[in-house]
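# Structural characterization, general
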Amino acid sequence: GAGVSQTPSNKVTEKGKYVELRCDPISGHTALYWYRQSLGQGPEFLIYFQGTGAADDSGLPNDRFFAVRPEGSVSTLKIQRTERGDSAVYLCASSLNAGEGEQYFGPGTRLTVT
Amino acid sequence: GDSVTQMEGPVTLSEEAFLTINCTYTATGYPSLFWYVQYPGEGLQLLLKATKADDKGSNKGFEATYRKETTSFHLEKGSVQVSDSAVYFCALSGGTSYGKLTFGQGTILTVHP
């Protein structure tokens, strides 16, 4: 079956602009996770959803970052007033339920803020 | 909070050499432990996992044993291949990291023929 997909694969934006990153989880997976991976580092947790609700958003760095999952499937990570320090690979993962089973990762969106 | 520390890389080995990548963790409670691998140009994949103390996870010739007394989960392989060249990440879930994964910084492995 299809894995986790993320769009776009690459995004270049200017400082101060707004961006949206999309994640399509594996069908039937109720839990969805967002991570951010800077060059040479391991992924860092941002937020995860169980169904439509954000179960843990403790990793969001500030209020410029926001994520939604309105129908419990596709999720969008939204970044306002982008800064150069936001440049990273944004990874999405899904699992059957939060805390259960393997997390399957998408290929990531590489965000570059110029 | 929970954290994971991996040995610094990069690690360079000849084919058929023995591999160890050290991983230690700090966590409250009883986390599950994982090794993920990222091959060049590919996404993160689960390599192996262990969910309780003394469990051994294994896959593709790789092994790691959950050692609660030393809070470690070292990755080993008896004979590496060129195709094992990748970035390896140790991670934990559970404890105060319920649901989410906490990753180490990653170790780059390069295997030469």
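Cut-offs and rules
Residues numbered from 1 in each chain as written. Chains lettered and ligands numbered in written order. Predicted model: local features only at pLDDT ≥ 70, side-chain atom pairs only at ≥ 80, totals over all residues. Heavy atoms only, no water. Helix = DSSP H or I, 4+ residues; strand = E, 2+ residues; numbered from the N terminus. Buried < 20%, exposed > 50% of the residue type's maximum accessible area, 1.4 Å probe, protein only. Contact = heavy atoms within 4.5 Å. Phe/Tyr/Trp six-rings, centres within 6.5 Å; stacked < 30°, edge-to-face > 60°.

## Quick notes on the overall build of chain B
From N to C terminus, chain B includes zero helices and twelve strands. When the helices and strands of chain B are read in sequence order from the N terminus, they spell out β-β-β-β-β-β-β-β-β-β-β-β. Taken along its principal axes, the extent of the C-alpha atoms in chain B is 45 × 25 × 20 Å. The buried share of chain B, taken over its 113 residues, is 48%. For chain B, restricting intrachain contacts to residue pairs at least 6 apart in sequence, the fraction spanning at least 24 positions comes to 56%.

## Brief notes about the environment of Leu46 of chain A
Residue and element names in this part refer to chain A. Note on placement: Leu46 falls in strand E5 (residues 44-50). Here Leu46 falls in the buried class, since its relative accessible area comes to 1%. Through-space distance from the C-alpha of Leu46 to that of Ser5 is 18 Å; in sequence the pair is 41 residues apart. Those residues within four positions of Leu46 in sequence are excluded, and the remaining contacts are Trp34, Tyr35, Arg36, Asp56, Asp57, Ser58, Gly59, Leu60, Pro61, Leu77 and Tyr90.

## Description of the packing of aromatic side chains
This structure, assessed with the given rule, holds 13 aromatic pairs over all chains. Ring centres 5.8 Å apart and planes at 85° place the aromatic pair Tyr35 of chain A and Phe103 of chain B in the edge-to-face group. You can see Tyr35 of chain A sitting in strand E4 (residues 31-37) and its partner Phe103 of chain B sitting in strand E11 (residues 97-103), one on each of two chains. Grouping residues by exposure puts Tyr35 of chain A and Phe103 of chain B together as buried. An aromatic cluster of three or more residues is present, and its members are Tyr33, Tyr35, Phe45, Tyr48 and Phe105 of chain A together with Phe34, Tyr36, Phe89 and Phe103 of chain B.

So, to be careful, I would describe these as geometric facts and stop short of saying anything about function.
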